[in-house]
Amino acid sequence: MEKRVAVLQGDGIGPEVTEAAVRVLEVVARRFNHTFQFDFASIGGEAIDKFNHPLPEETIAICESSDAILLGAVGGPKWDQNPSELRPEKGLLAIRKHFDLFANLRPVKAVPSLLHASPLKEDVVKNVDMMIVRELTGGIYFGEPSRKTAKSAVDTLVYTREEIERIVEKAFELARLRRGKVTSVDKANVLQSSKLWHEVVEEMKKGYPDVEVEHQLVDSAAMKLITNPGSFDVVVTENMFGDILSDEASVITGSLGLLPSASVRSDGFGLYEPVHGSAPDVAGKGIANPAAAILSAAMMLRYSFGMETEAATIEKAVETVFEDGHFTSDLSVEDGRVHSTKEWTDKVIGEL
Ligand code: NAI
Ligand code: MG
């Protein structure tokens, strides 16, 4: 297959980790007889410096002519005092909105050789393998009216049936590819939007008799994520609850450098990026952990290109390198097994 990938490296460690992911993709292309064409474009602080805009037109055009987007990270102290329209993270919000990427997929999986890095007991974390599916383009972050006066402030939480249906459908489809269970999280005992959410899930589950469905209230789900995270498979929820729960889930395995993400829409187009930020404290040193970026590239192959074998091959290679005891400096292990970004990527390429 021939695919075009827009690579938006961004700031800080963004270029270092996306370079690692591109190297891995090039090896996969050779091994499986594909052609990937990489088109590089600017986003975030780097784009502000060059184009005076966090998401230049030229970048949008390159993404539009691509089959998927691979992104590093944006932001850093250099731009922290900028006015709001010249903030790097504006670029991220704008690109998700421009492409209507309504489904944010955040897998969290325990790495057996890294259980000690978790703040939870090893016994609690060892079976963790979940996928949080967060609605990304609706809900209270986009609700009207939204205003503040000296005396009061209002935000509005709106969901349409259509918005709920498309994200819930995504969750059911993902569950079928995984362990066949969906946990729908809402606050249906209080919120009208959650009552509608709950109803839609109940209706849609009839079309997926092979998928087990449970409903959980968001407060109870927050507790269970910490006390029994291994009990979840696919978790689907609205934008704000998903924002909070996915960040809570991201600390379970103990390292941000391991977590990939995808933001996709129904036709398969998507944006793939590590969960972590631009890590200015380690940027430019060649020591960043590229695992999250490499695993994001694997998600791109699976969800945008339908290349399941290729995706699984990358995931297996990453797992094997960890199992063989090779790490980067962000993971607390003894010296000698700690590699630079490039060395660690070479190990993954060796496995491929
Ligand atoms: P961060 O995720 O960049 O870093 C948090 C800590 O984890 C730092 O100590 C960092 O060195 C470490 N870390 C993160 N990823 C790592 C990796 N791959 N390898 C080794 N160490 C890693 O979050 P922080 O420090 O809150 O934000 C830094 C900048 O990144 C800010 O400008 C923030 O706005 C931006 N940011 C961007 C995001 C994005 O592009 N999606 C997401 C989160 C933050
Ligand atoms: Mg968040």
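As the structure is a prediction and not an experimental result, all values here were calculated from the model.

Every one of the 21 residues lining ligand 1 counts as a neighbour, but Gly75, Gly257, His276, Gly277 and Asn289 are closest to it. Split by residue class, the shell around ligand 1 holds 11 nonpolar, 7 polar and 3 charged.

Most of strand β11 (residues 260–264) sits out of view: 5 of its 5 residues are buried. Burial of the side chains of β11 extends over both faces: Pro260, Ala262 and Val264 are buried on one face and Ser261 and Ser263 on the other. Strand direction decides the pairing type here: strand β4 (residues 103–109) and β11, joined by 3 bridges, are antiparallel. Following the sheet pairing, Leu105 is matched in β11 by Ala262. Here 5 bridges tie β11 to strand β12 (residues 270–274), and the two strands are oriented antiparallel to one another.

Further remarks concern the pairing of strand β1 (residues 2–10). As paired elements, β1 and strand β2 (residues 35–41) share 7 bridges and run parallel to each other. Bridge pairing in β2 links Val5 to Phe38. Taken together, β1, helix α1 (residues 14–32) and β2 constitute a β-α-β crossover, and its handedness is right-handed. Summarising the sheet, β1 and strand β3 (residues 68–73) pair through 5 bridges and their orientation is parallel.

What the domain assignment lists for the chain is domain 1 (1–103 + 254–352) and domain 2 (129–251). Taken together, the contacts link 11 residues of domain 1 with 8 residues of domain 2. By residue class, the composition of the side of domain 1 that touches domain 2 is 6 nonpolar, 2 polar and 3 charged.

The next point concerns the sheet that holds β1. Read from one edge to the other, the open sheet built from 10 strands follows the order β2-β1-β3-β12-β11-β4-β5-β10-β8-β9, with strand pairing classed as mixed. Looking along the sheet, the strands with just one partner apiece sit at the ends: β2 and β9 (212–217). The average angle at which neighbouring strand axes cross in this sheet is 20°, direction not considered. Here 6 bridges tie strand β8 (residues 181–186) to β9, and the two strands are oriented parallel to one another. Residue Asp186 lies in a different strand from β9, and its bridge partner there is Leu217. Together, β1, β2 and β3 form the strand contacts of helix α3 (residues 57–64), whose direction differs from that of β2 by roughly 170°.

Here helix α10 (residues 291–303) spans 18 Å end to end across 13 residues, near enough to the 18 Å set by a 1.5 Å rise per residue. Most of α10 is tucked away, with 13 of its 13 residues classed as buried.

Before going further, it helps to examine the packing of helix α11 (residues 308–323) against helix α12 (residues 341–351). It is at 9 Å that the axes of α11 and α12 come closest, and there the two elements cross at 120°. If you check the angle between α11 and α12, you find them oblique. Crossing geometry of α11 relative to α12 is assigned as right-handed. Contacts between α11 and α12 involve Ala317, Val318, Thr320 and Val321 on the former and, on the latter, Lys347, Val348 and Glu351. For the contact of α11 with α12, the residue count by class is 4 nonpolar, 1 polar and 2 charged.

Right, let's talk about the environment of Leu196 for a bit. Counting through the fold element by element, Leu196 comes out in helix α7 (residues 192–204). Taking the C-alpha atoms as reference points, Leu196 and Asp186, 10 residues apart in sequence, are found 9.8 Å from one another. Leu196 has contacts with Tyr159, Arg161 and Ile164, leaving out every residue within four places of it along the chain.

What follows concerns the environment of Ile314. Relative to the helices and strands, Ile314 resides in helix α11. A residue is classified by how many C-beta atoms lie within 10 Å of it, and Ile314, with 25 of them, is buried. Once the C-alpha coordinates of Ile314 and Val24 are considered, the two residues, 290 residues apart in sequence, prove to be 8.0 Å apart. Excluding residues that lie within four positions of it along the chain, Ile314 makes contacts with Val24, Val28, Ile294, Ala297 and Ala298.

Backbone torsion omega between Glu144 and Pro145 reads 0°, so that peptide bond is classified as cis. As for its placement among the helices and strands, Pro145 is situated in the loop between β5 (129–135) and β6 (147–148). Even without being glycine, Asp100 reaches a positive phi, approximately 55°. Looking at where Asp100 falls in the secondary structure, it is placed in the loop between α4 (88–98) and β4. What makes Asp100 partly exposed here is the crowd of 13 C-beta atoms within 10 Å. One non-glycine residue, Ala279, adopts positive backbone phi at about 40°. Tracing the backbone shows Ala279 in the loop between β12 and α10.

Criteria and thresholds
- Residues numbered from 1 in each chain as written.
- Chains lettered and ligands numbered in written order.
- Predicted model: local features only at pLDDT ≥ 70, side-chain atom pairs only at ≥ 80, totals over all residues.
- Near = placed C-beta within 6 Å.
- Nonpolar A, V, L, I, M, F, W, Y, C, P; charged D, E, K, R; others polar.
- Buried ≥ 20, exposed ≤ 12 C-beta atoms within 10 Å, placed from the backbone.
- Helix = DSSP H or I, 4+ residues; strand = E, 2+ residues; numbered from the N terminus.
- Pairing = 2+ DSSP bridges.
- Right-handed = clockwise from strand over helix to strand, strands pointing away.
- Domains from an automatic or database assignment.
- Contact = placed C-beta atoms within 7 Å.
- Axes fitted to C-alpha atoms, helices over the stretch in contact; angles between N-to-C directions.
- Expected span 1.5 Å × (residues − 1).
- Parallel < 35°, antiparallel > 145°, perpendicular 65-115°, else oblique.
- Left-handed = near helix turned anticlockwise from the far one by under 90°.

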